[in-house]
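Observations on chain architecture
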Amino acid sequence: MSLKKLFLVALGLLVAIVVGIFTDNKVIAQPATDLALALYHAPIHYQDTDSTKYSADYITRFDYDSDWRGTNNWDNLFQFPLSSHGYYSVAETCTHWFITYSFYHPQDWTDIPFDQEHENDLEGLLTIVRKDGSAFGKLEGVVTVFHNDFYSYTPTGSPLRNGAESIDGTLTMNSYSGSLHPLTTQEAKGHGLKAWPDAGNFKGASSEDGIIYYPSQTTAELPASGNDRDVQYQLVDVFAEAGMWQHQLNEASLSSSSALTFASWGTFKGDSSGGCGSDTPTCSTNSANTPWGWDQGERTVFLKPLLGKDIDEKIG
């Protein structure tokens with residue numbers, strides 16, 4: 001065979017290989033970055049608000065007041081802008097990504113006599129995303145944090161089934177910015193979180209008080225009021241340098257009295273200064289948990305995925 005024919009055969013094989021690669025999504029799909037993955041699956045978030053104190057129901061970041069002191073966040077609510085943020089972290093196994101999202105409020109508050117309130121509040125959800133060969137995988141379910149209880153939801157067509165815990169409902173998905181996103185909702189005041197529309201009194205109607213937050217990589221908007229239907233929240237990595245996780249590690253060996261941010265492992269510091277518990281409600285101290293402090297009795301479904309370890313509780 002002549003050199004020319006050999007060259008043509010080799011060229012043909014090379015073209016066939018290249019075409020094969022570019023026509024097989026499972027071969028060419030590159031893993032997404034943690035931020036891109038989190039953005040792709042991040043919730044469209046319906047936040048119920050109460051006209052008694054709208055701003056106390058805005059989602060923001062723990063250091064919204066430019067410091068990491070846990071005992072002045074209640075006090076500073078009206079002193080700093082509450083730009084919209086949501087925390088995330090990503091862990092993975094051979095078959096799944098586990099993405100934790102959490103929404104922070106400086107106050108868990110009430111205007112009901114003899115009820116209880118506290119400084120700092122962080123509730124959220126764990127999303128379960130199967131690696132299906134595509135860059136972003138397929139969302140199969142979520143587990144939400146409603147105070148001290150977990151609630152699980154699956155989208156239509158999910159393979160997940162009832163197991164040690166039952167599935168509590170169907171997850172609604174809406175298209176936004178090129179992907180399908182789960183809809184979540186939080187109560188006003190106490191901020192318990194479930195899949196939309198199972199928490200609070202805000203479903204998006206014009207007659208209802210509330211804010212609809214949409215995820216963003218770079219934009220952290222300030223709501224125009226407690227009735228704003230299009231506000232972008234910026235995703236913040238829990239594991240970012242000098243972020244929430246690093247502050248926990250820095251204070252892990254300190255006593256509660258010496259620490260600035262945390263009262264103990266997985267629990268924020270919080271006191272009764274600034275009017276918490278004034279009038280007829282009471283104020284509890286050190287009552288808000290980080291994602292690695294979320295638990296339901298002895299069940300810690302969020303802790304191990306967050307740290308990239310095995311899961312000790314599954315759906316199905």
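Just so you know, these numbers come straight off a predicted model, no measurement behind them. Each residue is numbered by its place in its chain's sequence as written, counting from 1. pLDDT decides what is reported in this predicted model: residues at 70 or higher carry local features, side-chain atom pairs at 80 or more are listed and counted, and totals for whole chains, interfaces and linings draw on all residues regardless. Note that water and hydrogens are dropped before the side-chain values are worked out from all heavy atoms of the structure.

**Brief notes about the packing of aromatic side chains**
Given two aromatic rings, their pairing is described by the distance between the two centres and the angle made by the two planes. To keep it simple, the criterion reads: Centres within 6.5 Å are what make two rings of Phe, Tyr or Trp a pair, Trp counting through its six-membered ring; a difference in plane orientation under 30 degrees is then read as stacked, over 60 as edge-to-face, and the rest as tilted. In DSSP terms, a helix is any run of H or I states spanning at least four residues, a strand is any run of E spanning at least two, and both are numbered starting from the N terminus. Only protein chains enter the accessibility calculation, which uses a 1.4 Å probe. A residue is then buried if its area is under 20% of the maximum for its type, exposed if over 50%, and partly exposed in between. Two conditions define a charge located above a ring, namely a distance within 6 Å from the ring centre to NZ of Lys or CZ of Arg, and an angle within 35 degrees of the ring normal.
Taken as a whole, this structure holds 14 aromatic pairs when the rule is applied. Ring plane angle 40° and centroid distance 4.8 Å describe the contact between Tyr-176 and Tyr-214, whose orientation is recorded as tilted. Residue Tyr-176 is located in strand β8 (residues 173–176), and its partner Tyr-214 is located in strand β11 (residues 210–216); the two are separated by 38 residues in the primary sequence. Given the relative accessible area of 24%, Tyr-176 is considered partly exposed. Members of the aromatic cluster, connected to one another through ring pairs, are Phe-62, Trp-68, Tyr-104, Phe-262 and Phe-268. A cation over a ring is seen here: Lys-189 above Trp-109, with NZ or CZ 5.6 Å from the ring centre.

**Quick notes on the pattern of salt bridges**
Pairing is possible between side chains that carry opposite charge, provided their charged atoms lie close to one another. So the rule is basically this: Note on definitions: salt bridges are taken to be side-chain nitrogens of Lys or Arg within 4 Å of carboxyl oxygens of Asp or Glu.
For the structure on display, the rule yields five salt bridges. A salt bridge links Asp-111 to Lys-189; the nearest nitrogen and oxygen atoms lie 2.6 Å apart. One end of the pair, Asp-111, is in the loop between β3 (96–108) and β4 (116–130); the other, Lys-189, is in the loop between β9 (179–186) and β10 (193–195), and 78 residues separate them in sequence. When the shortest N-O distance is used, the salt bridge between Glu-140 and Arg-130 registers 2.5 Å. Of this pair, Glu-140 sits in strand β5 (residues 138–146) while Arg-130 is found in strand β4, placing the two residues ten residues apart along the sequence. Taking the relative accessible area as the measure of exposure, Arg-130 reaches 33% and is therefore partly exposed. Linked through salt bridges whose partners overlap, the residues forming this network are Asp-50, Asp-111 and Lys-189.

**A word on the state of the cysteines**
Cut-off, in case you're wondering: In this description, a disulfide is simply a cysteine sulfur pair whose atoms lie within 2.5 Å.
According to the stated counting rule, one finds one disulfide in the structure shown. With its sulfur 2.1 Å from that of its partner, Cys-276 forms a disulfide with Cys-283. Taking the torsion about the sulfur-sulfur bond, which here is approximately 95°, the covalent link between Cys-276 and Cys-283 counts as right-handed.

**Thoughts on helix α4 (residues 244–251)**
Note the threshold: What the arc describes is the spread of directions from the helix axis to the C-beta atoms. The contact definition used throughout considers only heavy atoms, calling two residues in contact when any of these lie within 4.5 Å.
Among all positions of α4, only Met-244, Trp-245, His-247, Gln-248 and Glu-251 are buried. Considered in projection along α4, the buried side chains sweep an arc of 160° and stay on one side of the axis. The secondary structure elements touched by the buried residues of α4 are β2 (85–92), β4, β13 (262–264) and β14 (267–268).

**Description of the confidence of the model for the protein chain**
Reading fine detail from the predicted coordinates is not recommended where pLDDT is low. Note the threshold: Each residue gets a pLDDT score, which is the predictor's confidence in that residue and runs from 0 to 100.
Taken over all residues, the pLDDT of the protein chain has a mean of 88, while the share at 70 or more is 84%. Under a pLDDT of 50 for its full length, residues 2–28 has, in the predicted model, eight contacts with residues more than four places off or in other chains. Across residues 303–316, where pLDDT falls below 50, the model places 32 contacts with residues more than four positions away in sequence or in other chains.

**A closer look at the pairing of β5**
Rules: Only strands that DSSP links by at least two bridges are regarded as paired with each other.
Of all nine residues making up β5, eight are buried, and the element is well covered by its neighbours. Bridge count between β4 and β5: six bridges; the pairing is antiparallel. Bridge pairing in β5 places Thr-127 opposite Val-142. With five bridges joining them, β5 and strand β6 (residues 149–154) adopt antiparallel strand pairing. Note that in β6 the partner of Thr-144 across the bridge is Tyr-151. Once β5 ends, the chain turns through two residues before running back antiparallel as β6, passing His-147 with a positive phi of about 60°.

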